[in-house]
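So you can see what is in the structure, the chains are spelled out below.
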Amino acid sequence: PDTVMVVINGALDKVRGGYYPGVFFPKLAKTVDRFWKTFESVYYLKPISDKGCFGWLYRVYPEPWQVVLQTRRANAKGGMYVEDTVVYVSEERPEYNDAVAKLVAANAEMNV
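Residues numbered from 1 in each chain as written. Predicted model: local features only at pLDDT ≥ 70, side-chain atom pairs only at ≥ 80, totals over all residues. Heavy atoms only, no water.

### Focus on the overall build of the protein
Thinking step 1. Looking only at helices and strands, the protein has three helices and four strands in total.
Thinking step 2. Expected size for 112 residues packed as a compact globule is a radius of gyration near 13 Å; at 17 Å, the protein overshoots this value by more than 25%.
Thinking step 3. Across its three principal directions, the C-alpha atoms of the protein cover 55 × 30 × 20 Å.
Thinking step 4. Counting only residues that meet the buried cut, the protein has 24% of its 112 residues in that class.
Thinking step 5. Of all intrachain contacts in the protein linking residues separated by at least 6 positions in sequence, the fraction that spans at least 24 positions is 35%.
Thinking step 6. Surface exposure of the protein reaches about 8,500 Å², of which carbon and sulfur atoms provide 55%.
Thinking step 7. Within the protein, one finds 14 positive and 13 negative side-chain charges whose respective centroids are separated by 8 Å. (Helix = DSSP H or I, 4+ residues; strand = E, 2+ residues; numbered from the N terminus. Rg over C-alpha atoms; globule rule 2.2 N^0.38 Å. Buried < 20%, exposed > 50% of the residue type's maximum accessible area, 1.4 Å probe, protein only. Contact = heavy atoms within 4.5 Å. Areas by Shrake-Rupley, 256 points an atom, 1.4 Å probe, with all protein chains shown as cover. Lys, Arg positive; Asp, Glu negative; His and termini not counted. Charge placed at Lys NZ, Arg CZ, Asp CG, Glu CD.)

Dropping the structure here:
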């Protein structure tokens, strides 16, 4: 299609990721591969966390997808700040669980 559509905060991840099971929402499930997965994210920022580490799945079109690890650090005066570290870059959008796995692995590697 040659039509441009802008969706703001459309919660497309729920539709793309199987949040709505096809058994209960068969008509919606039929549209996922044909329509919803063809959307190109222009700006995307999703918090991700697991096992005590925190970060973001981030993208600004046309840049690649990034997994960003956030680490609390202490400064010289005893105050705290957050350090952002890009731990994974990809032209293809990673699945949520893959992004979390990259985040956890990077956190473990940095804290060895």
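Right, picking up where we left off after that structure.
### Notes on a nonpolar patch on the surface
Thinking step 1. On the surface, Tyr19, Tyr20, Val23, Phe24 and Phe25 cluster together into a nonpolar patch covering about 590 Å² of accessible area.
Thinking step 2. Position of Phe25 among the secondary structure elements: in the loop between α1 (12–16) and α2 (26–34). (Patch = residues over 30% accessible without salt bridge, like charges linked within 9 Å, V, L, I, M, F, W, Y side chains within 5 Å. Salt bridge = Lys/Arg side-chain N within 4 Å of Asp/Glu carboxyl O.)

### Side note on the pairing of strand β1 (residues 43–50)
Thinking step 1. Across eight bridges, the pairing between β1 and strand β2 (residues 53–60) is antiparallel. Looking at the pairing, Lys46 lines up with Leu57 of β2. (Pairing = 2+ DSSP bridges.)

### Overview of the pattern of salt bridges
Thinking step 1. Evaluation of the coordinates by the stated rule reveals two salt bridges.
Thinking step 2. The partner of Glu40 in a salt bridge is Arg59, with the nearest N and O atoms 2.5 Å apart. Here Glu40 is found in the loop between α2 and β1, whereas its partner Arg59 is found in strand β2, with 19 residues between them in sequence.
Thinking step 3. You can call Arg59 buried: its relative accessible area is 6%.
Thinking step 4. In this structure, the salt-bridge partner of Arg73 is Glu83, at a minimum N-O distance of 3.2 Å. Placement of the pair is Arg73 in strand β3 (residues 65–74) and Glu83 in strand β4 (residues 80–90), with a sequence separation of 10 residues.
Thinking step 5. Its relative accessible area of 25% is what places Arg73 among the partly exposed residues.

### Concerning the environment of Glu83
Thinking step 1. With relative accessibility at 28%, the residue Glu83 sits in the partly exposed group.
Thinking step 2. Distance from Glu83 to Thr71, taken between C-alpha atoms, is 5.2 Å for residues 12 residues apart in sequence.
Thinking step 3. A polar contact of 3.2 Å, which involves the side chain of Glu83, links it to the side chain of Arg73. (Polar contact = N/O pair within 3.5 Å; in protein donor to acceptor, adjacent residues only side chain to side chain.)

### A few points about the nonpolar core
Where a protein is soluble and globular, its nonpolar side chains tend to be buried together.
Thinking step 1. In this structure, Tyr44, Ile48, Cys53, Leu57, Trp65, Val67, Leu69, Ala99, Val100 and Leu103 together form the largest nonpolar core, which totals 10 residues.
Thinking step 2. Elements that contribute at least two residues to this core include exactly β1, β2, β3 and α3 (96–110).
Thinking step 3. Not counting chain neighbours up to four residues away, the residues in contact with Leu103 comprise Ile48, Ser49, Cys53, Phe54, Gly55, Val67, Val68 and Leu69.
Thinking step 4. Core analysis: the second largest hydrophobic core is formed by five residues, Leu12, Val15, Val32 and Trp36 among them. (Core = buried A, V, L, I, M, F, W, Y, C linked by side-chain atoms within 4.5 Å.)

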